[in-house]
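In case you want the letters, here they are:
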Amino acid sequence: VSFRVIPPKFSPMTETQYVEFPHQNEDLWKLVESCFISKEIKTLDDFSSALKEFNPSGKYHFFTDYIPQADAYAANGGITTDIFVNEILPFILKMIAKSPTLFKDPVPVLRRRQVGTVALNQEQACCIVIMGMLKLFPYHGGRRIGGLRPSINFGALVCVTQGSPANLVLMISIMHYLLRLSRNPPSPGRNVFVSRRSIDPEQHSIEWWMNCDVPLTQVKILPGRIEDDKEAIFQADFANEWLGGGVMNAALAQEEILFCVKPECLAAMALVEVMEPHESIIISGAERFTDYTGYHYGLKFKGPIQEETPLISEKVNSIRNHIVAIDAVVNFHDSQFQPDMLLRDMNKIYAGLHSYEEIESVMIGSEATSTASAESFATGHWGCGAFGGDKQLKAIQQWISVSACKLNLHYFPFGDQKFTEAFQAVLDAVQSSPSPITVGSLTKMLIKAIETSRKDIFKAIQLQISETTKLEPELLAAPPEENTVAVSSESSSS
């Protein structure tokens with residue numbers, strides 16, 4: 001078969017439990033064949049006419065307005081009109097024609113409240129992205145029409161032009177992805193794995209967290225960006241509960257940028273229903289094709305890249321990188337501090353990272369070899385942008401949950417020097433504590449800090465550690481035991 005479901009823990013299948021491909025809809029596929037396969041398309045005018053014939057009311061301004069004039073704009077990132085017409089366009093048409101062969105077998109949807117993994121090879125993932133880009137999928141989904149999956153068909157993203165230079169970066173990145181694969185054919189042996197993971201929230205109550213005796217793990221505060229971390233194999237996607245967030249409408253937050261510099265993530269959107277509070281989604285093996293500078297409306301295209309990323313094993317030709325999609329609480333009226341919301345976000349992270357060895361065992365097809373040292377999770381101000389989260393609260397929650405999963409934490413504050421200094425003070429206080437601080441004890445400190453001083457959680461935790469130290473004079477008189485927490489700050493003010 002051309003894909004795998006691992007493990008087969010799905011309930012009896014119905015048609016809604018499979019991805020609906022264009023070739024599976026007879027009338028739709030006849031139209032696709034008529035517009036894009038049976039006729040000769042060799043020029044931009046030919047392509048524009050085909051798009052209009054297929055979708056008369058559809059808007060494809062990137063192809064009809066921007067690409068014909070791409071040579072005139074410095075922001076084109078090297079995607080000229082000739083390159084599009086002579087290399088990218090033939091590849092697009094070839095992949096559309098090949099889709100019935102690539103998807104001969106049904107592709108399951110990873111549904112809510114179920115766990116499992118679907119593997120797509122590089123060619124299949126690319127085909128899904130292309131068909132979504134041209135709005136070929138029959139399923140339009142999304143919350144606005146009561147669907148359970150995000151729509152894979154591009155919306156405003158394929159309408160961007162030179163008038164929106166930051167948004168244009170997203171499509172330019174996708175064009176470079178297609179250009180690379182047109183020059184270097186997709187590898188059938190390189191897979192992208194999409195996993196849905198879950199925990200039982202009843203088994204992970206606040207009492208469970210307060211009694212967890214797992215030691216806190218190492219924390220590094222680092223400069224730069226999450227996706228540049230070569231050491232951490234797990235990297236945070238500051239996700240929406242609908243995977244991909246606003247990427248199809250050219251939004252410019254962390255998740256949307258990530259999905260365009262790693263376009264294979266876009267294919268995952270076709271496979272998953274909306275996340276529930278106790279669930280997360282892992283995208284493993286997605287490759288980064290481009291780089292950028294800036295953020296949001298200051299986003300600029302930097303250029304194509306080819307990362308030297310380690311493979312999962314000598315036998316498995318997939319990149320050893322796992323994007324952990326976790327959606328934080330939307331902070332309405334300080335709801336993030338409520339006990340149920342506090343627990344919800346700690347469980348959300350734990351759902352993605354607990355028993356993390358299982359993820360790589362699935363990719364390899366056998367039990368993964370454990371490493372001598374703990375792996376790391378790269379993250380930052382999760383849920384602190386549009387969702388309105390408190391940076392100090394989210395940092396402590398992530399440290400607690402990541403430690404419970406026995407992973408080290410790499411924290412990227414994105415140049416926030418005030419936060420860096422305050423967080424480092426907490427790390428120093430934990431390091432100097434005469435008795436080791438565990439996941440459970442830090443959870444209790446966090447709860448008390450919220451009750452007493454939620455405006456400065458870091459300071460409140462430091463005071464609790466100081467008070468605990470005063471109550472243990474006999475420990476202070478003796479040489480301190482080696483603390484299991486190793487902290488390191490390598491941050492800069494840049």
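Placed above this text is the structure.
First, a word on what this report is: a plain description of the structure on this page. (Residues numbered from 1 in each chain as written. Predicted model: local features only at pLDDT ≥ 70, side-chain atom pairs only at ≥ 80, totals over all residues. Heavy atoms only, no water.)

Let's talk about the pattern of salt bridges
A side chain of one charge can pair with a side chain of the opposite charge when the charged atoms of the two come close.
No. 1: Applying the stated criterion across every chain, the model contains 30 salt bridges.
No. 2: The partner of Arg225 in a salt bridge is Asp291, and the shortest N-O contact between them spans 2.6 Å. Here Arg225, found in the loop between β4 (219-221) and β5 (234-239), pairs with Asp291, found in strand β7 (residues 290-293); they are 66 residues apart in sequence, far enough to count as distant. Accessibility classification places Arg225 together with Asp291 in one group, the buried group. (Salt bridge = Lys/Arg side-chain N within 4 Å of Asp/Glu carboxyl O. Helix = DSSP H or I, 4+ residues; strand = E, 2+ residues; numbered from the N terminus. Buried < 20%, exposed > 50% of the residue type's maximum accessible area, 1.4 Å probe, protein only.)

Quick look at the environment of Ile359
No. 1: The topology assignment puts Ile359 in helix α11 (residues 357-364).
No. 2: Measuring from C-alpha to C-alpha, the distance between Ile359 and Ile283 comes to 10.0 Å, with 76 residues separating the pair along the chain.
No. 3: The contact partners of Ile359, leaving out residues within four places of it in the chain, are Arg197, Phe234, Ile282, Ser284, His322 and Gly352. (Contact = heavy atoms within 4.5 Å.)

Observations regarding the packing of helix α1 (residues 26-37) against helix α4 (residues 81-102)
No. 1: With their axes 10 Å apart at the nearest point, α1 and α4 run at an angle of 150 degrees to one another. Considering their axes alone, α1 and α4 lie roughly antiparallel with respect to each other. The handedness of the crossing between α1 and α4 is left-handed. Between α1 and α4, the contacting residues are Trp29, Val32, Phe36 and Ile37 on the first element and Leu93, Ile96, Ala97, Ser99 and Pro100 on the second.
No. 2: In terms of residue class, the contact of α1 with α4 is made up of 8 nonpolar, 1 polar and no charged. (Axes fitted to C-alpha atoms, helices over the stretch in contact; angles between N-to-C directions. Parallel < 35°, antiparallel > 145°, perpendicular 65-115°, else oblique. Left-handed = near helix turned anticlockwise from the far one by under 90°. Nonpolar A, V, L, I, M, F, W, Y, C, P; charged D, E, K, R; others polar.)

Description of the packing of aromatic side chains
For any two aromatic rings, the description comes down to two numbers: the centre-to-centre distance and the angle of the planes.
No. 1: Per the stated rule, a full pass over the model turns up 20 aromatic pairs.
No. 2: Summarising the aromatic geometry, the rings of Phe21 and Phe103 are spaced 4.1 Å apart at their centres and angled 20 degrees between planes, so their arrangement reads as stacked. Here Phe21 is found in the loop between β1 (4-6) and α1, whereas its partner Phe103 is found in the loop between α4 and β2 (116-121), with 82 residues between them in sequence.
No. 3: Aromatic side chains Phe47 and Phe84 sit 6.1 Å apart centroid to centroid with 45 degrees between the ring planes, which places their arrangement in the tilted category. One end of the pair, Phe47, is in helix α2 (residues 44-54); the other, Phe84, is in helix α4, with 37 residues separating them in the sequence.
No. 4: The class of Phe47 is buried, set by a relative accessible area of 0%.
No. 5: In this structure Phe84 comes out as buried when scored by relative accessible area, which is 0%. (Phe/Tyr/Trp six-rings, centres within 6.5 Å; stacked < 30°, edge-to-face > 60°.)

Here we look at the layout of surface pockets
No. 1: A volume near 730 Å³ is recorded for the largest pocket.
No. 2: If you trace the largest pocket, you find 36 residues lining it, with Phe238, Ala253, Gln254, Tyr295 and His381 closest to the centre.
No. 3: At the level of secondary structure, the elements contributing two or more residues to the lining of the largest pocket comprise β5, α8 (254-261) and β9 (322-327).
No. 4: Element by element, the count of residues in the lining of the largest pocket is highest for α8, at 4 residues.
No. 5: Class assignment for the residues of the lining of the largest pocket results in 17 nonpolar, 12 polar and 7 charged. (1 Å grid on protein atoms, 1.4 Å probe; cavity = no way out; pocket = protein on both sides within 12 Å on 5 of 7 lines; lining within 4 Å. Points joined across faces, edges and corners; volume = space filled by probe spheres on them.)

Describing empty space enclosed by the protein
No. 1: Considering all chains together, one arrives at 3 cavities of 30 Å³ or more under this definition.
No. 2: Taken as a whole, the largest cavity encloses approximately 70 Å³ of empty space.
No. 3: In terms of lining, the largest cavity is formed by Ile226, Glu227, Gln235, Ala236, Gln254, Ile257, Leu258, Tyr292 and Ile323.
No. 4: For the lining of the largest cavity, the secondary structure elements donating two or more residues are β5 and α8.
No. 5: Among the elements that make up the lining of the largest cavity, the one with the highest residue count is α8 (3 residues).
No. 6: Each pocket or cavity is described by its volume, and for the second largest cavity that value is around 50 Å³.

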